[in-house]
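Overview (structure and organization)
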Amino acid sequence: MPPTNLVFLIDVSGSMDDPNKLPLLKTSFKMLAAQLREQDRIAIVVYAGAAGLVLPSTSGADKKTILEALDNLEAGGSTAGGAGIKLAYAIAKQNFMKEGNNRVILATDGDFNIGESSNGGMERLIEEKRKEGVFLTVLGFGMGNYKDSKMEILADKGNGNYFYIDSILEAQKALVNEFGGTLFTIAKDVKLQIEFNPARVKAYRLIGYENRLLCDEDFNNDKKDAGEPVWAFRYRPLRDYSYRRGE
């Protein structure tokens with residue numbers, strides 16, 4: 001991986017005050033921070049009633065400072081998601097690495113209710129920043145008021161990926177075992193066309209990326225946004241000819 005410029009954008013609103021939300025989030029980000037190298041940099045932006053910078057861009061080698069900033073986070077207030085995203089992108093741009101991996105990591109239960117809260121407004125902002133070279137990864141936490149569809153849309157528009165973290169094991173998988181894949185886009189706007197031999201394959205199904213299907217006329221249109229694979233994958237035929245992510 002090239003040097004990485006990360007901005008953690010963390011929801012610390014009152015709705016995050018549950019064991020499976022902010023406490024799990026903090027533990028998850030500590031696991032991610034442990035993977036950072038000296039050439040990597042990380043900043044932390046939080047948002048509740050307002051957005052603020054709690055950790056300026058810091059070398060990944062300074063893990064004590066990073067962990068202390070995470071430990072000091074507390075939940076309370078409403079949810080100014082739009083203001084938080086704007087500030088996070090501004091910090092990412094200030095520390096932009098021309099030949100590096102520049103990314104905002106949004107961690108939230110998805111309850112945006114103040115400011116730039118419409119899907120359309122968020123999408124336009126994230127698409128604009130994507131064109132400037134700052135991508136978006138989204139980590140979802142908690143249940144109840146969780147807005148899964150909104151989180152996936154934001155990740156798609158940001159040339160990034162989306163994970164739902166419901167346990168330490170899932171955090172370990174996404175942020176440690178698959179660290180490089182989670183945080184580094186290997187190709188942009190990838191289009192894949194597959195033709196099955198009807199004499200051999202009676203039926204098939206697509207698992208994942210259903211919302212990225214393209215019309216036939218869009219396949220050769222380079223201006224049409226397509227998928228962003230964030231990990232390399234190897235295909236091998238299965239006995240029932242079904243497709244499984246990762247195979």
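My aim in this report is to walk through the structure given alongside it, one point at a time. (Residues numbered from 1 in each chain as written. Predicted model: local features only at pLDDT ≥ 70, side-chain atom pairs only at ≥ 80, totals over all residues. Heavy atoms only, no water.)

Let us look at the nonpolar core. Counting 31 residues, the largest nonpolar core has Phe8, Ile10, Leu25, Phe29, Ile44, Leu139 and Ile165 as its most contacted members. For this core, the secondary-structure elements that each account for two or more residues are β1 (4–11), α1 (22–33), β2 (41–47), α2 (63–71), β4 (101–108), β5 (135–141), β6 (162–165) and α6 (168–177). Ranked by the residues each element gives to this core, the list is headed by α1, at 7 residues. Residue contacts for Phe29: discarding those within four places in its chain leaves Phe8, Ile10, Leu70, Ile105, Ala107 and Leu139. Ranked by size, the runner-up nonpolar core spans 21 residues in total, among them Leu106, Met122, Leu125 and Leu154. (Core = buried A, V, L, I, M, F, W, Y, C linked by side-chain atoms within 4.5 Å. Buried < 20%, exposed > 50% of the residue type's maximum accessible area, 1.4 Å probe, protein only. Helix = DSSP H or I, 4+ residues; strand = E, 2+ residues; numbered from the N terminus. Contact = heavy atoms within 4.5 Å.)

So, on to the pairing of β6. Burial along β6 is one-sided: Phe163 and Ile165 are buried, and none of Tyr162 and Tyr164, which face the opposite way, are. Across 4 bridges, the pairing between β5 and β6 is parallel. Among the inter-strand pairings, Gly140 is bridged to a residue of β6, identified as Tyr164. (Pairing = 2+ DSSP bridges.)

With that settled, consider the pattern of salt bridges. Scanning the model with the defined rule gives 8 salt bridges in all. A salt bridge links Asp71 to Lys30; the nearest nitrogen and oxygen atoms lie 2.4 Å apart. In this pair, Asp71 sits in helix α2 while Lys30 sits in helix α1, placing the two residues 41 residues apart along the sequence. Under the relative-accessibility criterion, Asp71 is labelled partly exposed at 42%. Since its relative accessible area comes to 29%, Lys30 is described here as partly exposed. A salt bridge links Glu132 to Lys129, with the shortest nitrogen-to-oxygen separation between them at 3.8 Å. (Salt bridge = Lys/Arg side-chain N within 4 Å of Asp/Glu carboxyl O.)

Turning our attention to the packing of aromatic side chains. The full count for this structure, using the stated rule, is 2 aromatic pairs. A cation sits over an aromatic face here: Lys93 above Phe96, 4.8 Å from the ring centre. (Phe/Tyr/Trp six-rings, centres within 6.5 Å; stacked < 30°, edge-to-face > 60°. Lys NZ or Arg CZ within 6 Å of the ring centre and 35° of its normal.)

Together, Leu192, Ile194, Phe196 and Tyr204 line one region of the surface with nonpolar side chains, adding up to about 460 Å² of accessible area. When you line up the elements, Phe196 lands in the segment after α7 (179–183). (Patch = residues over 30% accessible without salt bridge, like charges linked within 9 Å, V, L, I, M, F, W, Y side chains within 5 Å. Areas by Shrake-Rupley, 256 points an atom, 1.4 Å probe, with all protein chains shown as cover.)

In this fold, Phe29 is placed in helix α1. By relative accessible area, Phe29 is classed as buried at 0%. Through-space distance from the C-alpha of Phe29 to that of Ala107 is 9.4 Å; in sequence the pair is 78 residues apart.

On to the packing of α1 against α6, then. What describes two packed helices is the angle between their axes and the distance between those same axes. Across the interface, α1 lies against α6 with an axial gap of 9 Å and an inter-helix angle of 35 degrees. For the crossing formed where α1 meets α6, the hand is right-handed. On α6, the residues touching Leu24, Thr27, Ser28, Met31 and Leu32 of α1 are Ile168, Ala171, Gln172, Leu175 and Val176. Partitioned by chemical class, the residues of the contact of α1 with α6 number 7 nonpolar, 3 polar and no charged. (Axes fitted to C-alpha atoms, helices over the stretch in contact; angles between N-to-C directions. Left-handed = near helix turned anticlockwise from the far one by under 90°. Nonpolar A, V, L, I, M, F, W, Y, C, P; charged D, E, K, R; others polar.)

Looking at where Asp109 falls in the secondary structure, it is placed in the loop between β4 and α4 (119–131). Looking at Asp109, the relative accessible area reads 0%, which means it is buried. A polar contact of 2.8 Å, which involves the side chain of Asp109, links it to the side chain of Ser15. In this structure the side chain of Asp109 is engaged in a polar contact, spanning 3.2 Å, whose partner is the side chain of Lys21. (Polar contact = N/O pair within 3.5 Å; in protein donor to acceptor, adjacent residues only side chain to side chain.)

Looking now at the pairing of β5. In terms of burial, β5 is largely enclosed, as 7 of its 7 residues are buried. When β4 meets β5, the two strands line up parallel, connected through 6 bridges. Its bridge partner lying in β5, Thr108 is registered against Gly140.

For the rest of this paragraph, the subject is the environment of Ser78. Tracing the backbone shows Ser78 in the loop between α2 and α3 (81–94). As a C-alpha pair, Ser78 and Val12 span 66 residues in sequence and 8.7 Å in three-dimensional space.

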